Amino acid sequence: GLGDVYKRQAYTELLWDTILFDWKIVAIIAPFCLAPEIIYLRSKIKMTKNGNKMWQSISTFMICCLLFFCIDCASITIPILRDVTDMNYISAHGEYTVERYSRVVGSRSVWIIVITDDGERISLGYPKNGEELIDLPKDGGRGTIWYSKNSSYILDFIPDEPTDGN
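Residues numbered from 1 in each chain as written. Predicted model: local features only at pLDDT ≥ 70, side-chain atom pairs only at ≥ 80, totals over all residues. Heavy atoms only, no water.

### Things to note about the pattern of salt bridges
Oppositely charged side chains are able to pair whenever their charged atoms sit close together.
So, point 1. Considering all chains together, one arrives at four salt bridges under this definition.
So, point 2. In this structure, the salt-bridge partner of Glu95 is Arg142, at a minimum N-O distance of 3.5 Å. Here Glu95, found in strand S1 (residues 89-100), pairs with Arg142, found in strand S4 (residues 141-148); they are 47 residues apart in sequence, far enough to count as distant.
So, point 3. A relative accessible area of 45% places Glu95 in the partly exposed class. (Salt bridge = Lys/Arg side-chain N within 4 Å of Asp/Glu carboxyl O. Helix = DSSP H or I, 4+ residues; strand = E, 2+ residues; numbered from the N terminus. Buried < 20%, exposed > 50% of the residue type's maximum accessible area, 1.4 Å probe, protein only.)

### Section: the packing of aromatic side chains
So, point 1. The final tally for this structure, using the stated rule, is four aromatic pairs.
So, point 2. Between Tyr96 and Phe157, the ring centres sit 5.2 Å apart and the planes meet at 70 degrees, which makes this aromatic pair edge-to-face. Of this pair, Tyr96 sits in strand S1 while Phe157 is found in strand S5 (residues 154-159), placing the two residues 61 residues apart along the sequence.
So, point 3. In this arrangement the basic side chain of Lys128 is found over the ring face of Phe21, its NZ or CZ atom lying 4.1 Å from the centre. (Phe/Tyr/Trp six-rings, centres within 6.5 Å; stacked < 30°, edge-to-face > 60°. Lys NZ or Arg CZ within 6 Å of the ring centre and 35° of its normal.)

### Observations regarding the pairing of S1
So, point 1. In the sheet, S1 pairs with S4 via eight bridges, with the strands oriented antiparallel. The residue of S4 that forms the bridge with His93 is Thr144.
So, point 2. Across seven bridges, the pairing between S1 and strand S2 (residues 110-116) is antiparallel. When the sheet's bridge partners are listed, Glu95 is paired in S2 with Ile115. (Pairing = 2+ DSSP bridges.)

Written out as structure tokens, the structure reads:
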């Protein structure tokens, strides 16, 4: 129905925001990473041999850093693009817990662990701004979770209705 169309659009927007956030960071650091190379190429003639070597090694290091960030971003972007293109949004019903870890560069610090009714274990992360946008009680619970198949991001949570009459 129409509700599903809106849902899918909202999920797609969440995932696009995640991609854009990562590439914005790359766009911000790119000029800094490329600056030494530009300085090196422009003033190569005027430099001493040692100065020349120093700028060349700084430049090489910075370009390698930029490449690393681009590869890292691509590894995040490609699975998301596959989800967005094919609308690979799946729902699973079960119990979940939220696990927090200290931040390690390039890894998720918050994991949502879902144990489905069939006993399958699914590990999900939050998309960009997902923690604020998705109303997921932090102390765990039961319900239906929507997530992206390839990139493993939680997209929505529908809690079970309480059955005790409250």
